[in-house]
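A structural walkthrough
The chain contents come next:
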Amino acid sequence: MGLITKRIRLVGSRGEHGTEGLFDRGASYSFIRKDIAEQLETLLPLPQPMSFETAQQGVTMAVREGVVLDFWIDGYRFSDEFLVVDNLADEVIIGATTMQKWRLKLDKGRNHH
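These figures come from a predicted structure and were not determined experimentally.

1. Things to note about the packing of aromatic side chains
This model, assessed by the stated rule, comprises 5 aromatic pairs. Measuring from ring centre to ring centre gives 5.4 Å for Phe-78 and Trp-102, while their planes differ by 75°; the resulting arrangement is edge-to-face. Taken together, the residues span a long stretch of sequence, with Phe-78 in strand E6 (residues 76–85) and Trp-102 in helix H2 (residues 96–102) at a distance of 24 residues. The buried category is assigned to Phe-78, whose relative accessible area is 4%. Among the aromatic residues, ring-to-ring pairing joins Phe-71, Phe-78, Phe-82 and Trp-102 into one connected group.

Below you can see the structure in the form of structure tokens.
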């Protein structure tokens, strides 16, 4: 499994942002750092807050907002919901649900879809 980073372009109604996306099959959902999300799209409150355990044992993070963004990889457009996290270590994490939805199979050199 492991973690793979890949150059992606995030696009929302307010703008776009290029970044290194962290593709993590160990993360259930996709996440975006709050400052980046605010640049790209209007944040939407979740019906109920969600709580997630981080890779650091015993540390949890509460998520109260989300955004729907398009993201581009190697010229291909995808779209999904990203949960907004205040102090996320990475700008964006693409989780297993998004990868399964779009049948993304990544290796260090290429993107297969």
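2. Quick notes on unusual backbone geometry
The phi torsion at Asp-74 lies on the positive side, around 50°, for a residue other than glycine. Position of Asp-74 relative to the elements: it lies in the loop between strand E5 (60–73) and E6. Non-glycine residue Arg-103 carries a positive phi angle of around 55°. Examined against the element boundaries, Arg-103 turns out to sit in the loop between H2 and strand E8 (105–106). Given a relative accessible area of 64%, Arg-103 falls into the exposed group.

3. Thoughts on the pattern of salt bridges
For the coordinates displayed, the defined rule picks out 9 salt bridges. Between Lys-6 and Asp-74 there is a salt bridge, with its nearest N and O atoms 3.3 Å apart. Highlighted residues: Lys-6 in strand E1 (residues 3–12) and Asp-74 in the loop between E5 and E6, separated in sequence by 68 residues. Note on Asp-74: relative accessible area 47%, which makes it partly exposed. One salt bridge in this structure joins Asp-35 and Arg-33, with 2.6 Å as the shortest N-O distance. Judged by relative accessible area, Asp-35 falls into the partly exposed class, the value being 34%.

4. Overview of the side chain of His-17
Topologically, His-17 is positioned in strand E2 (residues 15–24). Side chain to side chain, His-17 and Glu-91 meet in a polar contact 2.6 Å long. Discounting chain neighbours no more than four positions away, the residues touching His-17 are Ile-8, Arg-9, Leu-10, Ile-36, Gln-39, Leu-40 and Glu-91.

5. So, the confidence of the model for the protein
A residue-level look at the protein finds 93% of positions with pLDDT of 70 or above and a mean pLDDT of 91. When pLDDT is averaged over each element of the protein, helix H1 (residues 34–40) comes out on top at 98 and strand E9 (residues 111–112) at the bottom at 44.

6. Quick notes on the environment of Gly-26
Within the secondary structure, Gly-26 is located in the loop between E2 and strand E3 (31–33). Residue classification places Gly-26 among the exposed positions, given a relative accessible area of 66%. With 70 residues separating them in the primary sequence, Gly-26 and Ala-96 have C-alpha atoms 6.8 Å apart.

7. A word on the environment of Ala-62
Of note, Ala-62 is situated in strand E5. Note on Ala-62: relative accessible area 43%, which makes it partly exposed. In this structure the C-alpha to C-alpha distance between Ala-62 and Leu-44, which are 18 residues apart in sequence, comes to 15 Å.

Conventions used here
Residues numbered from 1 in each chain as written. Predicted model: local features only at pLDDT ≥ 70, side-chain atom pairs only at ≥ 80, totals over all residues. Heavy atoms only, no water. Phe/Tyr/Trp six-rings, centres within 6.5 Å; stacked < 30°, edge-to-face > 60°. Helix = DSSP H or I, 4+ residues; strand = E, 2+ residues; numbered from the N terminus. Buried < 20%, exposed > 50% of the residue type's maximum accessible area, 1.4 Å probe, protein only. Salt bridge = Lys/Arg side-chain N within 4 Å of Asp/Glu carboxyl O. Polar contact = N/O pair within 3.5 Å; in protein donor to acceptor, adjacent residues only side chain to side chain. Contact = heavy atoms within 4.5 Å. pLDDT = per-residue confidence, 0-100.

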